[in-house]
Amino acid sequence: MKLHALLPSVGLMTCTLLLMGPPLGSGHPVQSLEQTRIRFLEQVDRFGLDFNWRNLTCPVCKVVFTILDIALLSNANEERVAHLVSEACVRLHLSDKLVCQEITELFRDDFIRALQESFLWPTEACALLVGPSCGTFDIYAPWNITLPKVPKPPVTPPSPPKPGSPQSRVLFLTDIHWDKEYQAGSAADCKEPLCCRNNSGFPRKRPSLAGHWGTYSNCDLPFHTVESLIENAARAGPWDWVYWTGDIPAHNVWSQTRNQQLTELTVISKLIHKHLGSNVTVYPAVGNHESTPVNIFPPPFVHGNRSSAWLYDKMAEEWVSWLPEQALKTLRYGGFYTAVIQPGLRVVSLNMNFCARENFWLMVNSTDPANQLQWLVQILQASEDKGEKVHVIGHIPPGLCLSSWSWNYYHIVNRYESTITGQFFGHTHLDEFQMFYDEETMTRPLGVAFIAPSATTFVNLNPGYRVYYIDGNYQTSSRLVLDHETYILNLTVANHSPEKNPKWTLLYRATEAYSLPTLFPSDHDALLQNFIKDDHMFQTFWHLRYKGHTSKSCIETCKTALLCFLRSGRYDELQQCDHLNGFGGTLVRASLKTLC
């Protein structure tokens, strides 16, 4: 990277010189770490102290990246940079001192290696991390996957199955977030990003205490609640198969180790196998929390200890009874795979971390990481040729991905709309969906990305899981989603009698709650139109979106923003909606506040 190209303004240049002192490699003596620290923190104070970990501003981001780019011209400065970042984290109130120190140390090596190997300027890096209002990222210029020259088959609108036709019952689990350190009676309101833990303190006031089965706060789940959920799901079977879209560990991302991540992967995988039995196949997907540091998934061109082989190999070991050998092979390679569920139906499990802006390794090269989308096209074309239907599962919804990745995925869904009959994701912890329309007019609905609610309570939620009813295993089946149900554990009731086994109850059935015949794309499009006309129906959706635990309604700007999100299965559509409705980037930023 060229030093003079990294300074976007005189103000930043001045600030950087103040922060770093004489240019590295010059004849001037390098200032002491203490001098650098004092000057850095003086500059940090200029930006104010009303920050938290979710609202790092554009100016601060650009200053930080300018400092990093200059400092990292010398490997000797890595310790200094890490120390300064940790101090800035504390001074900006991003978190407390211990969390800042541990998160800096945990992310340091991956972040610095990715930054050194990338060609990002500060405006580009901050556009990636803060949003498009902070600059542009030319390194993420549009790229295209290659579609086969085979013409798209004529589209036949789906029809509801005949009464009495077979249906498949599919259990869907996502975002378990098991916290090994959860402690009933501990503080539910603490200074760290994750509370209800054995180091959160033990207040005397009852409303501030962590409940036995879980807590409406910044808290994850105790093991006994996770086991209760899976036991209940097992009793509610039998299941034709299970989709499980990741995020096993808790949100204590500052203090996680590889051994801990692998242990939790093993424990939860074996727990699911134990209770659901050997007769049901589970199809997992990789969440952004499976790795440590969180979100960091190097593409396959990264080898050795810095690669993700430590994680993928363990997944293949734990999931060997569920997946065929060829699926395990691509899982070990890049965390994605395909498998036949039944004759005529195939699942594709995508590693959505290769589309996530929080994955620092994409700063090196974001063009179809691992060639995953090109591989997806090959799978879909082969399925189209054979007359197979395909379900796509993954963790992060495609509408929240980097723009080019999201655009290409949307393009693929358009081309193979008659083959892709289900898309299933998690990650947001909420109960929602995102629409796909034909690219020519953006008016004909052709796909739905179902986003299922989390198992965890994080943040202020009831624990829950999802059941899908899918057109079943017969010759002319559409394999489309016909209906779904959401089950929850009402924590208010459960924690009132902690000694009793809790009762998981049906929160709602979609076709009944929204008066729909099926859950085809056309039904969801009609539902969106109804949300505009019928505010009572929309407020019902808002309540169910939070698994039955929200005290406020959603009106005016809130409603417009949510309708934009639901209609936007492609990231640039979300941006357009943001711009047209005058949100000034707030909608995009809100959508990108992943609950990872």
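Residues numbered from 1 in each chain as written. Predicted model: local features only at pLDDT ≥ 70, side-chain atom pairs only at ≥ 80, totals over all residues. Heavy atoms only, no water.

Visitor: Explanation requested: the overall build of the protein in the structure shown.
Guide: A count of helical and extended segments in the protein gives 19 helices and twelve strands. Relative to its full complement of 596 residues, the protein shows a buried share of 59%. Once local pairs closer than 6 in sequence are excluded, the contacts in the protein between residues at least 24 apart make up 72%. Surface exposure of the protein reaches about 24200 Å², of which carbon and sulfur atoms provide 54%. (Helix = DSSP H or I, 4+ residues; strand = E, 2+ residues; numbered from the N terminus. Buried < 20%, exposed > 50% of the residue type's maximum accessible area, 1.4 Å probe, protein only. Contact = heavy atoms within 4.5 Å. Areas by Shrake-Rupley, 256 points an atom, 1.4 Å probe, with all protein chains shown as cover.)

Visitor: Even after reading the chapter, I still don't get the UniProt feature "binding site: Zn(2+) 2" (unreviewed entry) in the protein, so can you show me in this structure?
Guide: Those places that UniProt annotates as "binding site: Zn(2+) 2" (unreviewed entry) correspond, in this numbering, to Asp-247, Asn-288, His-395 and His-427. Taken together, the annotated residues stretch across 181 residues yet fold into one region, lying no more than 8.4 Å apart by C-alpha. Among the secondary structure elements, His-395 is positioned in the loop between strand 6 (389–393) and helix 12 (403–415). Of note is the side chain of His-395, whose polar atom sits 3.1 Å from the side chain of Asp-247. Of note, His-427 is situated in the loop between strand 7 (420–425) and strand 8 (432–437). Residue class for His-427 comes out buried when judged on its relative accessible area of 1%. (UniProt positions renumbered as here; feature names shortened; annotations may be inferred. Polar contact = N/O pair within 3.5 Å; in protein donor to acceptor, adjacent residues only side chain to side chain.)

Visitor: So what exactly am I meant to see when it comes to the packing of helix 8 (residues 258–276) against helix 9 (residues 309–318) here?
Guide: Any two packed helices are characterised by the angle at which their axes cross and by the distance between the axes. Running from amino to carboxyl end, helix 8 crosses helix 9 at an angle of 20°, the nearest separation of the two axes being 10 Å. Compared by their axis directions, helix 8 and helix 9 come out roughly parallel. For the pair helix 8 and helix 9, the crossing hand works out as right-handed. Where helix 8 abuts helix 9, its residues Arg-258, Gln-261, Leu-262, Leu-265, Thr-266, Ser-269 and Lys-270 lie against Trp-310, Leu-311, Lys-314, Met-315 and Glu-318. (Axes fitted to C-alpha atoms, helices over the stretch in contact; angles between N-to-C directions. Parallel < 35°, antiparallel > 145°, perpendicular 65-115°, else oblique. Left-handed = near helix turned anticlockwise from the far one by under 90°.)

Visitor: Can you help me understand the side chain of Gln-381 in this one?
Guide: Among the secondary structure elements, Gln-381 is positioned in helix 11 (residues 372–386). A polar side-chain atom of Gln-381 sits 3.5 Å from a polar atom in the side chain of Arg-415. Once you skip the residues sitting within four places of it in the chain, Gln-381 turns out to touch Pro-148, Val-150, Arg-415 and Tyr-416.

Visitor: Even after reading the chapter, I still don't get the environment of Thr-518, so can you show me in this structure?
Guide: Residue placement: Thr-518 occurs in the loop between helix 14 (510–514) and helix 15 (521–533). Note on Thr-518: relative accessible area 6%, which makes it buried. A distance of 2.3 Å separates the side chain of Thr-518 from the side chain of Asp-523, its partner in a polar contact.

Visitor: I'm lost on the packing of aromatic side chains in this one. Help?
Guide: The final tally for this structure, using the stated rule, is 25 aromatic pairs. Seen from their ring centres, Trp-244 and Trp-322 are 6.4 Å apart, and the 85° between their planes marks the pair as edge-to-face. On the criterion of sequence distance, the pair formed by Trp-244 in strand 2 (residues 241–244) and Trp-322 in the loop between helix 9 and helix 10 (325–334) is long-range, its members being 78 residues apart. Residues Trp-244 and Trp-322 agree in their burial class; the two are buried. With 6.3 Å between their ring centres and 85° between their planes, Tyr-333 and Phe-336 make a pair best called edge-to-face. (Phe/Tyr/Trp six-rings, centres within 6.5 Å; stacked < 30°, edge-to-face > 60°.)

Visitor: Just checking my understanding: could you explain the state of the cysteines for this structure?
Guide: Note on terminology: disulfide describes a covalent bond linking the sulfur atoms of two cysteines. Under the criterion given, the structure shown has five disulfides. Cys-196 shares a disulfide with Cys-219; S-S distance 2.0 Å. What sets the handedness of the Cys-196 and Cys-219 disulfide is the S-S torsion sign, and at about 60° it is right-handed. With Cys-196 in the loop between strand 1 (167–173) and helix 7 (223–235) and Cys-219 in the loop between strand 1 and helix 7, the pair connects residues that are 23 residues apart, well separated along the chain. Here Cys-196 and Cys-219 have matching classes, each one buried. Here Cys-355 engages in a disulfide with Cys-401; their sulfurs sit 2.1 Å apart. (Disulfide = S-S within 2.5 Å.)

Visitor: Would you explain the sheet that holds strand 4 (residues 337–342) in this entry?
Guide: Taken together, six strands build an open sheet; the order of strands is 4-5-6-7-9-8 and the sheet is mixed. Each end of this open sheet is capped by a strand with a single partner; those strands are strand 4 and strand 8. Sheet twist, expressed as the mean angle between neighbouring strand axes with direction ignored, is 25°. Of the strands in this sheet, strand 4, strand 5 (345–349), strand 6 and strand 7 are in contact with helix 11, which crosses strand 5 at around 175°. (Pairing = 2+ DSSP bridges.)

Visitor: Can you help me understand the pattern of salt bridges in this one?
Guide: Pairing between side chains of opposite charge can happen when their charged atoms approach one another. All told, the structure shown has 17 salt bridges when counted by the stated rule. A salt bridge links Glu-227 to Lys-274; the shortest N-O distance between them is 3.8 Å. On the criterion of sequence distance, the pair formed by Glu-227 in helix 7 and Lys-274 in helix 8 is long-range, its members being 47 residues apart. Residues Lys-314 and Glu-318 are paired through a salt bridge, measuring 3.6 Å at the closest nitrogen-oxygen approach. Placement of both Lys-314 and Glu-318 in helix 9 is noted, with a separation of four residues, approximately one turn of the helix. (Salt bridge = Lys/Arg side-chain N within 4 Å of Asp/Glu carboxyl O.)

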